[in-house]
Amino acid sequence: MRVHTMNKKTILIVDDSEFDRNLVKLALTRNGGFNILEATSGEHCLEMLVSNPIDLILMDIMMPGILGSQVLAHIRQIYSPIELPIIMISSVSDVSDIVNALKIGANDYITKPLNFDVTISRILTQLKLVELSLEMSKLKQVAAMDLLSNVPKDDIFSIIDDSIRLLGKSDSELLQNKEKIKNNLMNIKLIAKSIKSTS
Amino acid sequence: MTDNNATKQTFDRNLLFANFHGIEDMIPEIIECFLLAIPKLTFALEAAIKAKDCEAIAISAHTMKGAVSNFYAEPSKNLALQLEKMGHDKVHAGTEELFRLLCIELLELTKALQDLAHEGAHYE
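Residues numbered from 1 in each chain as written. Chains lettered and ligands numbered in written order. Predicted model: local features only at pLDDT ≥ 70, side-chain atom pairs only at ≥ 80, totals over all residues. Heavy atoms only, no water.

### A few points about the packing of aromatic side chains
Centre-to-centre distance and the angle between the planes together describe a pair of aromatic rings.
Okay, so step 1: A full pass over the atoms with the stated rule returns four aromatic pairs over all chains.
Okay, so step 2: Between A:Phe116 and B:Phe20 the ring centres are 5.2 Å apart and the planes differ by 75°, which places this aromatic pair in the edge-to-face class. Taken together, the residues span two chains, with A:Phe116 in helix 5 (residues 116–150) and B:Phe20 in the loop between helix 2 (13–19) and helix 3 (27–50).
Okay, so step 3: Taking relative accessible area as the criterion, A:Phe116 reaches 3% and is therefore assigned buried.
Okay, so step 4: We classify B:Phe20 as buried; its relative accessible area is 3%.
Okay, so step 5: One aromatic cluster is present, built from ring pairs that chain together A:Phe19, B:Phe34 and B:Phe71.
Okay, so step 6: In this arrangement the basic side chain of A:Arg122 is found over the ring face of A:Tyr109, its NZ or CZ atom lying 5.7 Å from the centre. (Phe/Tyr/Trp six-rings, centres within 6.5 Å; stacked < 30°, edge-to-face > 60°. Helix = DSSP H or I, 4+ residues; strand = E, 2+ residues; numbered from the N terminus. Buried < 20%, exposed > 50% of the residue type's maximum accessible area, 1.4 Å probe, protein only. Lys NZ or Arg CZ within 6 Å of the ring centre and 35° of its normal.)

See below:
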């Protein structure tokens with residue numbers, strides 16, 4: 001899981017067009033608060049991903065060489081949309097490309113002509129979702145720990161010990177205690193279920 | 001405010017200003033970026049057409065289309081779109097003529113944008 005503790009988020013702009021990269025850079029610079037990295041192709045993007053901590057990728061769909069959608073599919077084999085949000089850039093007319101990109105794991109898309117406010121809003125929304133998701137994971141972990149610490153340990157062990165003891169008895173005694181063993185197993189199952197629901 | 005016919009025909013000033021509402025001061029900077037980029041974009045398209053490389057025509061025309069669309073330059077955008085489609089359809093015949101028309105349109109567009117950039121602080 002990619003967790004970057006720095007406040008200043010790093011955005012990777014992937015576009016073969018220098019003009020389009022500059023345009024996005026202008027939008028991001030105006031807003032401030034971002035480290036900006038640039039990749040000029042899909043191949044370049046994958047290289048940069050290996051050597052740089054990236055918080056979000058803004059990527060053109062149509063590029064020479066590896067298409068943006070192919071790079072997206074490749075990245076999604078490694079990182080989930082929460083671990084590494086990817087916003088695709090496309091022309092308004094390329095509806096099928098946009099739909100395809102969303103299907104294969106793009107978090108969102110923006111269209112050309114770029115609107116700076118929309119671009120920034122969508123970036124901030126995705127970064128906020130990542131933050132909230134990380135918070136949620138932490139809360140779930142805390143809740144699971146809480147539950148474990150609240151279950152009386154003696155109770156769990158005595159139920160398990162009792163079951164093991166009963167299972168060691170003769171067939172006739174085992175039959176007599178069938179209900180008790182069943183109840184013990186049900187109690188263990190309930191505890192396990194509660195832990196699972198918080199993890 | 002520029003209100004000549006050339007500006008009206010080559011790009012939509014109203015839509016451009018609407019898109020940059022509140023940050024109109026950025027328009028000259030964006031125009032400057034575009035003027036620096038346009039020779040490279042044109043050269044890439046010309047090279048693809050000369051090489052009869054349909055895939056490269058589609059990609060470079062697509063890039064051109066995206067660049068001019070930032071200024072709501074419909075005539076240039078439509079010509080670039082036609083070239084992009086021809087590239088996708090692997091049709092090379094007629095691309096030179098379309099490219100010639102696109103160059104004329106781009107010349108008009110760059111002139112109009114230069115005028116707009118020179119207006120600078122007079123944006124409303």
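Now that the structure has been shown, the text picks up again.
### Observations concerning helix 3 (residues 68–76) of chain A
All names here are of chain A.
Okay, so step 1: Looking at helix 3, one finds that the buried residues are Gly68, Ser69, Val71, Leu72, Ile75 and Arg76. Each buried residue of helix 3 sits inside an arc of 160° when the element is viewed along its axis, so together they form one side.
Okay, so step 2: Those residues of helix 3 hidden inside the fold are in contact with helix 2 (42–51), strand 3 (56–60), strand 4 (86–91) and helix 4 (95–103). (Arc of directions from axis to C-beta. Contact = heavy atoms within 4.5 Å.)

### Some thoughts on the interface of chain B and chain A
Okay, so step 1: Each partner contributes to the interface: chain B provides 25 residues, whereas chain A provides 20 residues.
Okay, so step 2: When chain B packs against chain A, close to 1900 Å² is buried across both sides, 63% of that on carbon and sulfur atoms.
Okay, so step 3: Residues A:Arg30 and B:Asp25 are paired through a salt bridge, measuring 3.1 Å at the closest nitrogen-oxygen approach.
Okay, so step 4: There are five residue pairs in polar contact (both at pLDDT 80 or more) connecting chain B and chain A.
Okay, so step 5: Taken together, the elements giving at least two residues each to the side of chain B that touches chain A come down to helix 3, helix 4 (54–69) and helix 5 (74–88) of chain B.
Okay, so step 6: At eight residues, the largest contribution of residues to the side of chain B that touches chain A is made by helix 4 of chain B.
Okay, so step 7: Here the side of chain B that touches chain A is built from residues that sort into 12 nonpolar, eight polar and five charged. (Buried area = accessible area lost by both parts, 1.4 Å probe. Salt bridge = Lys/Arg side-chain N within 4 Å of Asp/Glu carboxyl O. Polar contact = N/O pair within 3.5 Å; in protein donor to acceptor, adjacent residues only side chain to side chain. Nonpolar A, V, L, I, M, F, W, Y, C, P; charged D, E, K, R; others polar.)

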